[in-house]
Amino acid sequence: ARRTLCQDLCRVFDEIPETIEADLNKLLVHLETQTEANSQPETDNRQLTAEERREAEELGKSEDLSARILADYAACGLVGEEANKLLAYLVAVSRKTAEPLALLILSSSGAGKTALQDAALAFVPEEDLVKLTSLSGKALFYKERDALKHKVLALEEGAGAEEAAYAIRNLISAGELVTESTIKDLGTGRLTTMENRVEGPTAVMLTTTRPDTDPETKSRFFVTAVDESREQTRAILEAQRKAHTLAGVRGNRAVEEIRARHRNFQRLLKPLEVVNPYAHELEYGDDRLQGRRDHPKYLNLIKTVTFLHQMRREVKTAPGPGGEPIAYIETTPADIAVANRLARELFGHSLDELSRPSRTLLGDLEKMVAEREASGFTRREIREFTGWSNYRVHTHLKELIEFEYLACELDRPGGGHRYRLLYRGEGKDGERFVLGLKDIPDIEKEAGT
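As for the sheet that holds strand 1 (residues 102-106)
Within a beta sheet, neighbouring strands are joined by backbone hydrogen bonds and run either parallel or antiparallel to one another. Reading across the sheet, the five strands line up as 2-3-6-1-7 and stay open at both edges, with parallel pairing between neighbours. Here the strands that pair on one side only, and so sit at the sheet edges, are strand 2 (129-132) and strand 7 (222-224). Each strand of the sheet is rotated relative to its neighbour by a mean of 15°, with strand direction disregarded. Of the pairings in the sheet, the one linking strand 3 (residues 151-155) to strand 6 (residues 202-208) comprises five bridges and is parallel in character. Bridge pairing links Val152 to Ala203 in strand 6. Strands strand 1, strand 3, strand 6 and strand 7 of the sheet are contacted by helix 5 (residues 82-93), whose axis makes an angle of about 140° with strand 6.

Remarks on the pairing of strand 3
For strand 3, the tally of buried residues reaches five of five residues, placing the bulk of the element in the interior. Two strands pair when backbone bridges link them, and strand 2 and strand 3 are joined in this way by four bridges, in the parallel orientation. Residue pairing for strand 3: Leu129 is matched across the bridge by Val152.

Regarding the pattern of salt bridges
Scanning the entire structure with this criterion turns up 21 salt bridges. Measuring nitrogen to oxygen at the nearest pair gives 3.0 Å for the salt bridge that ties Arg145 to Glu199. Of this pair, Arg145 sits in the loop between strand 2 and strand 3 while Glu199 sits in strand 5 (residues 191-199), placing them 54 residues apart in sequence.

Points about the nonpolar core
By size, the foremost hydrophobic cluster in this structure holds 59 residues, and its most contacted members are Tyr73, Met205 and Phe265. Looking at this core, the element that brings in the most residues is helix 5, giving nine residues. Every residue in contact with Tyr73, bar those within four places of it in the chain, is listed here: Leu78, Lys85, Ala88, Tyr89, Ala119, Ala120 and Phe123. In this structure, Leu104, Phe141, Ile168 and Phe221 belong to the second largest nonpolar core, which totals 19 residues.

Side note on the packing of helix 4 (residues 65-75) against helix 10 (residues 246-268)
Pairs of packed helices are described in terms of their axes, by the angle between the two and the distance that separates them. Orientation of helix 4 relative to helix 10, taken along the N-to-C sense of each, is 145°, at an axis distance of 9 Å. Relative to helix 10, the crossing made by helix 4 is left-handed. Facing Leu65, Arg68, Ile69, Asp72 and Ala75 of helix 4, the residues of helix 10 in contact are Val255, Ile258, Arg261, His262 and Phe265.

Overview of the sheet that holds strand 10 (residues 325-330)
Read across the sheet, three strands follow the order 8-10-9 without closing on themselves; strand pairing throughout is mixed. Taken across any chain shown, the strands that pair with only one partner, and hence form the sheet edges, are strand 8 (273-275) and strand 9 (316-319). Within this sheet the neighbouring strands show an average axis-to-axis angle of 50°, counted without direction. The pairing of strand 8 with strand 10 spans three bridges and is classified as parallel. What sits directly across from Val275, in strand 10, is Glu330.

Notes on the environment of Asp214
Structurally, the position occupied by Asp214 is in the loop between strand 6 and helix 8 (215-218). With a relative accessible area of 34%, Asp214 lands in the partly exposed category. Residues Asp214 and Ala165, spaced 49 residues apart in sequence, show a C-alpha to C-alpha distance of 8.6 Å.

Considerations on the pairing of strand 1
Side-chain direction in a regular strand flips from residue to residue, so the side chains alternate between the two faces of the sheet. Where burial is concerned, most of strand 1 is hidden: five out of the five residues are buried. Here strand 1 shows a buried face lined by Ala102, Leu104 and Leu106 and a second buried face lined by Leu103 and Ile105. Taken together, the five bridges between strand 1 and strand 6 define a ladder with parallel strand orientation. Its bridge partner lying in strand 6, Leu103 is registered against Met205. Inspection of the sheet shows strand 1 paired to strand 7 by three bridges, in the parallel sense. If you follow Leu103 over to strand 7, its bridge partner there is Phe222.

A short note on the confidence of the model for the chain
Predicted coordinates in areas of low pLDDT are best not read in detail. Scored by pLDDT, the chain has a mean of 85; 92% of the residues are at 70 or more. Mean pLDDT across the elements of the chain ranges from a minimum in helix 16 (residues 440-447), with 75, to a maximum in strand 8, with 95. Here residues 40-44 scores under 50 on pLDDT; set against residues more than four positions off or in separate chains, the count is seven contacts.

A short note on helix 4
Listing the buried residues of helix 4 in full gives Leu65, Ser66, Ile69, Leu70, Asp72 and Tyr73. For helix 4, the arc enclosing every buried residue in end-on projection is 160°, short of the 170-degree limit, so these residues lie on one face. On its buried face, helix 4 is in contact with helix 3 (50-60), helix 5, helix 6 (113-121), helix 10 and helix 11 (291-308). Just beyond helix 4, the residue with positive phi is Gly77, at close to 105°.

Regarding the packing of helix 3 against helix 4
Here helix 3 crosses helix 4 at 120°, and the two axes come no closer than 9 Å. The orientation of helix 3 with respect to helix 4, classified from their angle, is oblique. Residues Glu58, Leu59 and Gly60 of helix 3 touch helix 4, and the partners they reach there are Leu65, Arg68 and Asp72. Partitioning the contact of helix 3 with helix 4 into residue classes produces two nonpolar, one polar and three charged.

Some points on the environment of Thr193
Assignment of secondary structure puts Thr193 in strand 5. Remark: the alpha-carbon pair of Thr193 and Thr182, spanning 11 residues in sequence, is separated by 4.5 Å. Among all residues touching Thr193, those that are not within four sequence positions of it are Glu180, Ser181 and Thr182.

Observations concerning the state of the cysteines
Scanning the model with the defined rule gives zero disulfides in all. For Cys10, which is in no disulfide, the shortest distance to another cysteine sulfur is to Cys6 and amounts to 4.3 Å.

A look at unusual backbone geometry
Omega for the peptide link from Gly200 to Pro201 comes to 0°, which places this bond in the cis form. Along the chain, the position of Pro201 falls in the loop between strand 5 and strand 6. Of note in this structure, Glu81 is not a glycine but carries a positive phi near 55°. Structurally, Glu81 can be placed in the loop between helix 4 and helix 5. The exposure class assigned to Glu81 is buried, which follows from its relative accessible area of 13%.

About the criteria used
- The residue count restarts for each chain, going from 1 along the sequence in the order it is written.
- In keeping with the model being predicted, local features are shown solely for residues with a pLDDT of at least 70 and side-chain atom pairs are shown and tallied solely at 80 or more, while totals for entire chains, interfaces and linings include all residues.
- Only hydrogens and water are removed before side-chain values are computed, so all heavy atoms of the structure are retained for them.
- Two strands are counted as paired when DSSP detects at least two bridges linking them.
- Helix and strand assignments come from DSSP, with helices taken as H or I runs of at least 4 residues and strands as E runs of at least 2, each series counted from the N terminus.
- Where helices are involved, their axes are fitted lines through C-alpha atoms of the stretch in contact, as for all axes, and angles between N-to-C directions lie from 0 to 180°.
- Whether two residues touch is decided by their heavy atoms; if any such pair falls within 4.5 Å, the residues are in contact.
- Using a 1.4 Å probe on the protein chains alone, a residue whose accessible area is under 20% of its type maximum counts as buried, one over 50% counts as exposed, and one in between counts as partly exposed.
- The working definition used for a salt bridge is a side-chain nitrogen of Lys or Arg within 4 Å of a carboxyl oxygen of Asp or Glu.
- Side-chain atoms within 4.5 Å link the members of a nonpolar core, which is a set of buried Ala, Val, Leu, Ile, Met, Phe, Trp, Tyr and Cys residues.
- Whether a crossing is left-handed or right-handed is set by the direction in which the near helix is turned from the far one by less than a right angle, anticlockwise for left-handed and clockwise for right-handed.
- Confidence scores per residue from the predictor, reported as pLDDT, run from 0 to 100.
- Taking the helix axis as origin, the arc is that swept by the directions to the C-beta atoms.
- For this classification, under 35 degrees means roughly parallel, over 145 means roughly antiparallel, 65 to 115 means roughly perpendicular, and everything else is oblique.
- Put simply, Ala, Val, Leu, Ile, Met, Phe, Trp, Tyr, Cys and Pro go in the nonpolar bin, Asp, Glu, Lys and Arg in the charged bin, and everything else, Gly too, in the polar bin.
- In this description, the term disulfide denotes a pair of cysteine sulfurs within 2.5 Å.

In structure tokens, the structure reads:
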């Protein structure tokens, strides 16, 4: 086709083929350069004014940034959901890290899961947000190379992205999508392959009403739910009524200023590395295979909390492998405390979830292990210590295993079962807890701080 065009142009302009071919080559190089430039994602080139930068930095340097964020959520009309709001904000900010977080909000229709997601996304700069209503199975594979890099990918309803579940899982796990398609080479007429690569990393937010969401997909996410209690409904109704008063109208005028301040703050966050000097003192339950996937999420949650507070941290440098300095900030016990609090409130257990007999049995097992100093025990030993019947022990052991307070193991091939206590006395004060997490005083003591 190019040869034919060259011949036609020679006749039209009465030029020799060499001249036309040289001009065509220059034109092709120019067009390819323009194509590459146009394929780059649009970025926000707007320079912040001195006042905008001052306000954004003042927010980032707040003594209690978490409380400030929650207060701004409330000012923008989202009441309650303290832990969920902070987690959603951290997920959005994590897009700027090498290993972003992913959030799945699972609740009943009309409970407010979309309102929670929209409130968090309103703080994200427009250039860093890809918000979709529906998504076909292959759509993500054919986006531009940098279209999702360090962005938040948000879908309002998981049902609209069921076909794309595989692509979303790989985007979270591998940090990129790579596909090859068969095309016809127009020059030779032969079939060939074309690779398309979509780079991450990408923070992902989904909402859904379906508790039977694919387990492989759910395992990549922090899964949470909105508060569906009567008290929360009452608070929401009160906030809706307040929005129609004069105070509510005045508050609505300030909402956009608050959101703009958070967008500018997030624009100013630098891609710094995070070093956790307390990493070796941390603990996480190692009794389930699921811990191999949940533990990195817990570590990245701590990392994101540190990243969020970078404006209050000293930026340190260390020599890198190639001689280039690595700029980093360090995690503090306060960062770990925030992450632990979120983990307990959102993903933890509560002793109130147990039936009264199972809770009593758990207390008896704790006493038995302390007295006998044995790591494992049999059902017979439980009966002898508690005086319970075999049926009663069997019934309530099953509940304790289901809630992961106990681990059940085969004593030997063809033998009976032995049980191991995973519970270490947490939650007796009524608070939620995550099995296996170490308290902050213990971490500081072992680290020598």
